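Descriptive analysis of the structure
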Amino acid sequence: TGTLKLAVIPGDGIGQEVTAEALKVLEVAAPAGVKFEPTRYDLGAERYLATGEVLPDSVLAEIREHDAILLGAVGGKPGDPNLPPGILERGLLLRLRFELDHYVNLRPSRIFPGVASPLAAPGEVDFVVVREGTEGPYTGNGGSIRVGTPHEVATEVSLNTAFGVERVVRDAFARAQRRPRKKLTLVHKTNVLVNAGAVWSRLVAEVGREFPDVTVDYLHIDAATIFMTTDPSRFDVIVTDNLFGDIITDLAAAITGGIGLAASGNINPDRTAPSMFEPVHGSAPDIAGQQKADPTAAILSASLLLDHLGYADAAAAIETAVIDDLAARTAGTTRRTSEVGDAIAARVGS
Ligand code: NAD
Ligand code: IPM
Ligand code: MN
């Protein structure tokens, strides 16, 4: 019981539309005695274009004081000369992940009953990608010289610390141990990225000794995309670096019913700062503002949020409502974003 302070960052494009539906569902899913207190933060392209601000330090300090963060998506209209790529992605989304130490980027994938996969015979698909969230090529460790000349040199150096790799690997093992199949697959590119690869391989072997009942497997990232397409049921828990995890989770979404269903949590397992929950998809400028976006990914992200805060029953109620809604969807018919949210909220409330 008590008050749950939620920082809500709808962001850009369909982020606005899907976040409204996630909030709608959260309101009806609130456990007895728990009151949500959402605070809306208008961060994103509009704010940046109007004021030049991306994430002021004072706003970050306020966001820190919440129990959890619900985020829609960030990213402006493509080709806008006033909004170069990366400004919002790096300055807002990645800054939040880094500053709040979201080192576990949790991305579950399941084929829910009745949901069509583009794969002819996908089998039983239920795996989770534990994507490292604070390191890899994402840290801004690099730069450009001789810009615009034929001698331009550009680097993005992948950062892999033993500390950073060990903590995410341990989290992934612990998750694998709690699942029936107890299987962990390291996905990397140790045959080429030999320095980072050695750190990941060594720490998986070392930490694995603490989890003798977990089976360990390894795949190179390129081969992993083959198996995710030809035999996705082989996966249980995947642990991988920030960039490989980004790519493979869009593929995972595609094979399990589409990007509109893929939820994620940016988790700070040590709880030194609020964790952040968001759909895997982006701002989808191609369909933004038209009520065409599927809010299911955002709604399932809200379920992950409740689960993280310890409200397992309320989280399960949302998931069940989504599963029932998915099973009731009829091919060929389309609903507006708000209609999907209404339908799921009604099921949670019933
Ligand atoms: P995207 O995920 O926004 O869109 C890819 C495709 O999927 C588009 O055709 C889009 O219409 C469709 N799609 C996405 N979400 C959907 C939904 N809920 N329902 C139905 N269709 C959906 O990826 P993109 O086009 O590569 O990126 C657009 C912008 O979003 C870029 O600025 C990018 O940097 C940003 N982005 C942000 C996040 C985030 O905030 N976490 C994630 C990915 C991309
Ligand atoms: C995601 C997105 C982000 C990422 C971008 C927008 C920074 O693609 O959440 O998957 O690469 O992590
Ligand atoms: Mn992505």
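Computed from a predicted model, the values in this text were never measured in an experiment.

What counts, and where the lines are drawn
Every chain's residues receive numbers from 1 upward, in the order its sequence appears when written. By the order in which they are written, chains take letters starting at A while ligands take numbers starting at 1. Note on the predicted model: pLDDT of at least 70 is required for a residue's local features to be given, and 80 or more for side-chain atom pairs to be given and counted; whole-chain, interface and lining totals, by contrast, use all residues. Working definition: helices are DSSP H or I runs of at least four residues, strands are E runs of at least two. Numbering for both runs from the N terminus. We compute the radius of gyration from the C-alpha atoms alone; for a globule the expected value is 2.2 Å times N to the 0.38, where N is the number of residues. With C-beta atoms placed from the backbone, a residue is buried if 20 or more other C-beta atoms are within 10 Å of its own, exposed if 12 or fewer are, and partly exposed between those counts. Any residue pair is listed as a contact if its two C-beta atoms, each placed from the backbone, are within 7 Å. For the domain bounds, the source is a domain assignment made automatically or taken from a database. All residues other than Ala, Val, Leu, Ile, Met, Phe, Trp, Tyr, Cys, Pro, Asp, Glu, Lys and Arg, Gly among them, are scored as polar; the first ten of these are nonpolar and the last four charged. Fitting a line to C-alpha atoms yields each axis, with helices limited to the stretch in contact; the angle taken between N-to-C directions then spans 0 to 180 degrees. Each angle receives one of four descriptions, namely roughly parallel if under 35 degrees, roughly antiparallel if over 145, roughly perpendicular if within 65 to 115, and oblique otherwise. Handedness of a crossing is defined here by the sense of rotation of the near helix relative to the far one, left-handed for an anticlockwise turn of less than a right angle and right-handed for a clockwise turn. UniProt positions are given in the numbering used here, feature names are shortened, and annotations may be inferred rather than shown by experiment. Any residue qualifies as near a molecule or strand once its backbone-derived C-beta atom lies within 6 Å of it. Nonpolar cores are identified as sets of buried Ala, Val, Leu, Ile, Met, Phe, Trp, Tyr and Cys residues joined via C-beta atoms within 7 Å.

Here's the deal with the overall build of the protein
Of regular secondary structure, the protein possesses 11 helices and 12 strands. Taken against the 2.2 N^0.38 rule, which gives 20 Å for 350 residues, the C-alpha radius of gyration of the protein at 20 Å falls within 12% of a compact globule. The 350 residues of the protein split such that 45% are buried. Across the protein, the fraction of contacts at a sequence separation of at least 24, relative to all contacts at a separation of at least 6, is 77%.

Quick word on the domain arrangement of the protein
Along its sequence, the protein is organised into domain 1 (1-106 + 259-350) and domain 2 (117-127 + 160-256). Placing the centre of domain 1 and that of domain 2 at their C-alpha centroids yields a distance of 25 Å. Among the residues making up the side of domain 1 that touches domain 2, the classes are represented as 7 nonpolar, 1 polar and no charged.

Comments concerning the packing of helix α5 (residues 162-177) against helix α6 (residues 194-208)
Running from N to C, α5 and α6 cross one another at 45°; their axes reach a closest spacing of 9 Å. Judged on the interaxial angle alone, α6 and α5 are oblique. The way α5 lies across α6 gives a crossing that is right-handed. Facing α5, whose interface residues are Ala162, Val165, Glu166, Val169, Arg170 and Phe173, α6 presents Val199, Trp200, Leu203, Val204, Val207 and Gly208. Per-class residue counts for the contact of α5 with α6 are 9 nonpolar, 1 polar and 2 charged.

A few points about the packing of helix α7 (residues 221-230) against helix α8 (residues 242-255)
Where α7 contacts α8, the axes come no closer than 10 Å and their chain directions differ by 10°. On the basis of their axis angle, the class for α7 and α8 is roughly parallel. Across the interface between the two elements, Ile221, Ala224, Thr225, Met228 and Thr229 from α7 touch Phe244, Ile248, Leu251, Ala252 and Ile255 from α8. The residue makeup of the contact of α7 with α8, split by class, is 8 nonpolar, 2 polar and no charged.

Looking at the UniProt feature "site: Important for catalysis" (unreviewed entry) in the protein
Within this numbering scheme, the UniProt entry marks Tyr138 and Lys189 as carrying the feature "site: Important for catalysis" (unreviewed entry). One can find tyrosine 138 in the loop between β5 (126-132) and β6 (142-145). Tracing the backbone through its elements, the reader meets lysine 189 in the loop between β8 (183-188) and α6. Residues contacting lysine 189, with those up to four places away along its chain left out, are Gly197, His220 and Ile221.

A few points about the site of ligand 1
Near ligand 1, the surroundings consist of 20 residues, among which Gly75, Gly260, His281, Gly282 and Ala284 are the closest. At the level of elements, α1 (14-29) and α4 (87-99) are the ones that each hand at least two residues to the shell around ligand 1. A class-by-class count of the residues in the shell around ligand 1 yields 11 nonpolar, 5 polar and 4 charged.

Structural notes on the site of ligand 2
Ligand 2 sits among Glu89, Leu93, Leu94, Asp246, Val280 and Gly282. Split by residue class, the shell around ligand 2 holds 3 nonpolar, 1 polar and 2 charged.

Here we look at the UniProt feature "domain: Isopropylmalate dehydrogenase-like" (unreviewed entry) in the protein
Within this numbering scheme, the UniProt entry marks residues 5-344 as carrying the feature "domain: Isopropylmalate dehydrogenase-like" (unreviewed entry). Between the C-alpha atoms that bound residues 5-344 there is a distance of 23 Å. The span itself is 40% helix and 20% strand.

Quick notes on the nonpolar core
One finds Val25, Leu70, Val130, Ala302 and Ile318 to be the most contacted residues of the largest nonpolar core, which totals 93 residues. Considering each element in turn, this core owes the most residues, 8 residues, to helix α9 (residues 296-308). Counting contributing residues per domain, this core is built from domain 1 (1-106 + 259-350) and domain 2 (117-127 + 160-256), each supplying no fewer than three. With sequence-adjacent residues up to four places away left out, alanine 302 is seen in contact with Ala22, Val25, Leu26, Leu70, Phe277 and Ile318.

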